[in-house]
2 protein chains.
Amino acid sequence: MMKKATREQSKFHNKSLILNTIYNAKHISRADIARTTHLTRSTVSDTVSELIEEGLVAEIGYGQSAGGKPPVLLQVVDDARQIIGIDLASGEFRGALVNLRGEINERINIPIDEKSGDMALEFVYVLVEKLLAAATQPIMGIGIGAPGLMDSDEGVVLTAVNLDWQDLPLVDLLQERYDLPVYIANDSQVSALAESKFGAGDKSPNLLVVKISRGVGSGIVIDHQLYQGDKYGAGEIGHIKVEEDGELCRCGNYGCLETKISSRAIRKQAGQLLAADPDSILHEYVSPGTSVSLENVYAAYQAGDPAVTELIAAAGQDLGRSLAFIISVLNINQVIVAGSMSVFEDGLLNPALEVLRKSVLPNIAYDVQMGASVLGEEIVILGAAGLVLQHELGLL
Amino acid sequence: MMKKATREQSKFHNKSLILNTIYNAKHISRADIARTTHLTRSTVSDTVSELIEEGLVAEIGYGQSAGGKPPVLLQVVDDARQIIGIDLASGEFRGALVNLRGEINERINIPIDEKSGDMALEFVYVLVEKLLAAATQPIMGIGIGAPGLMDSDEGVVLTAVNLDWQDLPLVDLLQERYDLPVYIANDSQVSALAESKFGAGDKSPNLLVVKISRGVGSGIVIDHQLYQGDKYGAGEIGHIKVEEDGELCRCGNYGCLETKISSRAIRKQAGQLLAADPDSILHEYVSPGTSVSLENVYAAYQAGDPAVTELIAAAGQDLGRSLAFIISVLNINQVIVAGSMSVFEDGLLNPALEVLRKSVLPNIAYDVQMGASVLGEEIVILGAAGLVLQHELGLL
């Protein structure tokens, strides 16, 4: 439960503390670091020397003198390292080189079509190797976000249905192959980490991110840390049965939340609209003989198609009914919706918030703020990079 | 976010660490404490001297010699202090003197009928004073569990509908009046703390306690600590709308979980059974002209009344549908049901677990274990005492 910090832990803690302080300031002097952290001048000085030697921190000039010698100002060197962030999304694997500030230097997507098993694993190697080849700075590590259940401590993919992976020791495989630190977590979970570290949020310590794309999941940040639950499954809301005799879900069950609000579900519902109504605006966007894409739905939504607007609102209401439980349990006020469905913004979020407000105690719902993520398609990549920053540098 | 520990924090931390070590061992030597905690011999020795002086720890004899002088064994003095634990339950205020081990020395209940506002506050004073008068050891502090929303940091009752309290600074009032440390939290939340500290559970770091009595609420322990959310409302599940056009709830809304599974709801449903079926076994237990009590329902349940059994099973299924969300969000495997409804044990829990297993991914539901609390009516009192132990001694 409680343990005394060993000398090494304590050193890592102090170094992280100092690095975080420099990272969060625009620029700062050694004296101000000591004042902020309550560490001794000599600990600060020694650690800063180490950080400068590692290239993570640089002296950038002089600050205002308070009478005596003007203080030297320090800054984190944002481009000192690159991190490989990977999103094992269904349909395509996405990767990027990310700097210490969450800026993307290089972006590579590999379509994997319906590949799974060992074939899919080969695509991971290809993606990593392309990114390694493109690197312009030392690589700090590899972070991976993947749909499914990931054992983040052992580095094992417990199940990833789309990829047909079971108990795959992906972290060991990559570590041995590339001799780099590797971290993995569920894609919705790392999305929450991405919002917490690089998002537009108010940096509240607690944060809920609901990711709605082909699948539906959520990630929970408590006290600036990713909360994963007893067995890494926290936030796994996509396959909760929300309708007794609902539609068949790809998980084999019926009436899962995914069958109601995922992009697949919306495309299917829009297809039914299209078939039922010869006057639907959707016909203007969908090429005959092709299935409705989410882009088609969005175009019709933007053109003001009332049936499509209602369809999105209905998904929002379903989301709100689920949020009633999630928010009542967690009492987290900052909620961010990410994933491809987040393009509908208020069309989805307002109905959700309205249902939420009607469905729980005013005291619980009152302060909830919902917003769409601004991190776009790169949210999982950034969260995966965040895993590496957190573990390797202790950056919160 | 991260802060360097001050000398005082660090001293409290070390003292708590040592006290926890002694508390969790049957008996232990100073040398073994140093080995377990990685603290220096002299820190252990100084701190133990302090704890002995305070009467919290005693030398109880000699252990096995490992060659040299046999080591002196230490033990926590369970009765060194008493804690006042208070449960501001609806209908009656309950209090007790509790020792350091969660054993109840003295128990006092005060019926408060329908009293509220200042009158109810007077009853709190009466209860505290009766317990102070009964104390046989120095009082360490007062812990309070109350239904409603409690600001545990400021010590303010934000809302307690039954008592008609709003923004009542109860902790300040009691601290000034009795010059003792006082702590407060929601009753379901402290119930989770009680289970975590004194319950029969396997001491897993994460724990969910669902308390079903006249009201319905839950408490969440994460990593041995009470999780209260952004605004102390975490676990407030009783007033989630679970039925679109459901019954009127005392909160003013319709179809809340409370209207389906609380003891009030069950009594009401049993009353309807009674009225509808002249052959119901319930007639044997309910005196004509009186309303059905939960004891009546339990008696009929034990006698095997099929309609009553079904009614309890239906409540269990409703509970299971809510648990599907809660467990998917938290991924906590240890679930304990407390409160007066927990007497139905498997009759309530098995249908809940069955629905839960059918309603979420097998990976999430597979390891969930549900049990009825063994702490009975005293669970809130014990949890309230636990608040004091945690804050005053750092006992986890």
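1. Observations concerning the relation of the copies chain B and chain A
You can overlay chain B on chain A at an RMSD of 0.0 Å; the transform is a turn of 180° with a shift of 0.0 Å along its axis. This pairing of chains is accounted for by a two-fold axis. Take the interface residues of chain B: 100% of them recur as interface residues in chain A, which is what a same-surface contact looks like.

2. Points about the sheet that holds strand β8 (residues 149-151) of chain B
All names here are of chain B. Pairing is antiparallel across the open sheet formed by 3 strands, whose spatial order is β8-β9-β10. Two strands close off the open sheet at either side, each with one partner strand: β8 and β10 (165-168). Ignoring which end each strand starts from, the neighbouring axes of this sheet average 15° apart. As defined by bridge partners, strand β9 (residues 156-160) adjoins β10 across 3 bridges and the pair is classed as antiparallel. When the sheet's bridge partners are listed, Val157 is paired in β10 with Leu168.

3. Here we look at the sheet that holds strand β12 (residues 207-212) of chain A
Residue and element names in this part refer to chain A. In spatial order, the strands read β14-β13-β12-β15-β16; together these 5 strands make up an open sheet with mixed pairing. Either end of the sheet is taken by a strand with one partner, and the two such strands are β14 (225-227) and β16 (369-372). Strand-to-strand twist across the sheet, computed as the mean angle between neighbouring axes with direction ignored, equals 25°. Alignment of β12 against strand β15 (residues 334-338), held across 4 bridges, turns out to be parallel. Note on β15: the bridge partner recorded for Lys211 is Ala338. The strands touched by helix α11 (residues 346-359) are β12, β15 and β16; relative to β16, the strand with the most contacts, the crossing angle is about 165°.

4. Remarks on the environment of B:Asp223
All names here are of chain B. With respect to the helices and strands, Asp223 occurs in the loop between β13 (216-222) and β14 (225-227). Under the relative-accessibility criterion, Asp223 is labelled exposed at 52%. For the pair formed by Asp223 and Pro205, sequence separation is 18 residues and the distance between their alpha carbons is 4.5 Å.

5. Topic: the packing of aromatic side chains
Residues and elements named next belong to chain A. If you walk through the whole model with that rule in mind, you get 7 aromatic pairs over all chains. Note on Tyr298 and Phe344: the rings are 5.5 Å apart at their centroids and 75° apart in plane angle, and the pair reads as edge-to-face. Of the two residues, Tyr298 sits in helix α9 (residues 294-302) while Phe344 sits in the loop between β15 and α11, which places them 46 residues apart along the sequence. When its relative accessible area of 1% is taken as the criterion, Phe344 is described as buried. Through successive ring pairs, a cluster of aromatic residues spans Tyr298, Tyr301 and Phe344. Sitting over the ring of Tyr23, Arg101 keeps its end group 3.9 Å from the ring centre. Here the guanidinium or amino end of Arg177 rests over the ring plane of Tyr125, the centre of that ring lying 3.7 Å away.

6. Topic: the environment of A:Ala314
All names here are of chain A. With respect to the secondary-structure elements, Ala314 resides in helix α10 (residues 306-330). Ala314 gets classed as partly exposed once you look at its relative accessible area, which sits at 33%. Separated by 38 residues in sequence, Ala314 and Ala352 have C-alpha atoms that sit 8.7 Å apart.

7. So, unusual backbone geometry
The phi angle at A:Asp223 is positive, at roughly 55°, despite the residue not being glycine. Positive phi values are uncommon outside glycine, yet B:Asn331 reaches one of about 45°.

8. Points about the pairing of strand β12 (residues 207-212) of chain B
Residues and elements named next belong to chain B. Within β12, 6 of the 6 residues are buried, which leaves it mostly tucked inside the rest of the structure. Neither face of β12 is exposed, since Leu207, Val209 and Lys211 on one face and Leu208, Val210 and Ile212 on the opposite face are all buried. Bridge analysis of β12 against β13 gives 6 bridges, and the strand direction is antiparallel. Its bridge partner lying in β13, Lys211 is registered against Gly217. Between β12 and the antiparallel strand that follows it, β13, lie 3 residues.

9. Thoughts on a negative patch on the surface
All names here are of chain A. A cluster of like negative charges, contributed by Asp153, Glu154, Asp172 and Glu176, occupies part of the molecular surface. Considering the arrangement of structural elements, one finds Glu154 in the loop between β8 (149-151) and β9 (156-160). The exposure class of Glu154 is exposed, given its relative accessible area of 57%.

10. Description of the pattern of salt bridges
Residues and elements named next belong to chain B. By the definition in use, this model includes 38 salt bridges over all chains. In this structure, Arg177 engages Glu129 in a salt bridge whose closest nitrogen and oxygen atoms are separated by 3.6 Å. Of the two residues, Arg177 sits in helix α5 (residues 170-178) while Glu129 sits in helix α4 (residues 117-134), which places them 48 residues apart along the sequence. Here Arg177 falls in the partly exposed class, since its relative accessible area comes to 43%.

11. Some words on the packing of helix α8 (residues 263-276) of chain B against helix α10 (residues 306-330) of chain B
All names here are of chain B. For the pair α8 and α10, the least separation of the axes is 11 Å and the interaxial angle reads 150°. Crossing handedness for the pair α8 and α10: right-handed. Residues Ile266, Gln269, Ala270 and Leu273 of α8 form the contact with α10, whose own contacting residues are Ala307, Val308, Leu311, Ile312 and Ala315.

12. Notes on the state of the cysteines
Under the definition given, this model contains 0 disulfides over all chains. Just so you know, A:Cys251 is unpaired, no disulfide at all, and the nearest cysteine sulfur is the one on A:Cys256, 3.7 Å from it. We classify A:Cys251 as partly exposed; its relative accessible area is 36%. Free cysteine B:Cys249: the closest other cysteine sulfur is in B:Cys256, separated by 3.9 Å.

13. Looking at the interface of chain B and chain A
Between chain B and chain A, the contact holds 57 residues from the first and 57 residues from the second. Between chain B and chain A the total buried area reaches about 4,700 Å² when both faces are included, carbon and sulfur atoms providing 64% of it. Our count for the contact surface shared by chain B and chain A stands at 2 salt bridges. A salt bridge links A:Lys231 to B:Asp367; its shortest N-O distance comes to 3.5 Å. Counting across the chain B and chain A interface gives 27 residue pairs in polar contact (both at pLDDT 80 or more). The set of elements that each furnish at least two residues to the side of chain B that touches chain A consists of α1 (7-24), β13, α10, α11 (346-359) and α12 (362-365) of chain B.

14. Focus: helix α1 (residues 7-24) of chain A
For α1(A), which comprises 18 residues, the first-to-last C-alpha distance of 25 Å matches the rise-based estimate of 26 Å (1.5 Å per residue) to within 8%. Within α1(A), the full set of buried residues consists of A:Asn14, A:Ser16, A:Leu17, A:Ile18, A:Leu19, A:Asn20, A:Thr21, A:Ile22 and A:Tyr23.

15. Observations concerning the environment of B:Gly233
Residue position: B:Gly233 is located in the loop between β14 and α7 (258-261). Residue B:Gly233 is classed as buried on the basis of its relative accessible area, which comes to 2%. As for B:Gly233 and B:Ser218, which are separated by 15 residues in sequence, their C-alpha atoms are 9.9 Å apart. Setting aside residues up to four positions removed in sequence, B:Gly233 forms contacts with A:Ser328, A:Asn331, A:Ile364, B:Leu149, B:Gln189 and B:Gln228.

Here is what the cut-offs are and how they apply
- Residues numbered from 1 in each chain as written.
- Chains lettered and ligands numbered in written order.
- Predicted model: local features only at pLDDT ≥ 70, side-chain atom pairs only at ≥ 80, totals over all residues.
- Heavy atoms only, no water.
- Least-squares fit on C-alpha atoms with pLDDT ≥ 70 in both.
- Contact = heavy atoms within 4.5 Å.
- Pairing = 2+ DSSP bridges.
- Helix = DSSP H or I, 4+ residues; strand = E, 2+ residues; numbered from the N terminus.
- Axes fitted to C-alpha atoms, helices over the stretch in contact; angles between N-to-C directions.
- Buried < 20%, exposed > 50% of the residue type's maximum accessible area, 1.4 Å probe, protein only.
- Phe/Tyr/Trp six-rings, centres within 6.5 Å; stacked < 30°, edge-to-face > 60°.
- Lys NZ or Arg CZ within 6 Å of the ring centre and 35° of its normal.
- Patch = residues over 30% accessible without salt bridge, like charges linked within 9 Å, V, L, I, M, F, W, Y side chains within 5 Å.
- Areas by Shrake-Rupley, 256 points an atom, 1.4 Å probe, with all protein chains shown as cover.
- Salt bridge = Lys/Arg side-chain N within 4 Å of Asp/Glu carboxyl O.
- Lys, Arg positive; Asp, Glu negative; His and termini not counted.
- Charge placed at Lys NZ, Arg CZ, Asp CG, Glu CD.
- Left-handed = near helix turned anticlockwise from the far one by under 90°.
- Disulfide = S-S within 2.5 Å.
- Buried area = accessible area lost by both parts, 1.4 Å probe.
- Polar contact = N/O pair within 3.5 Å; in protein donor to acceptor, adjacent residues only side chain to side chain.
- Expected span 1.5 Å × (residues − 1).

The analysis is restricted to geometry; functional conclusions fall outside its scope.
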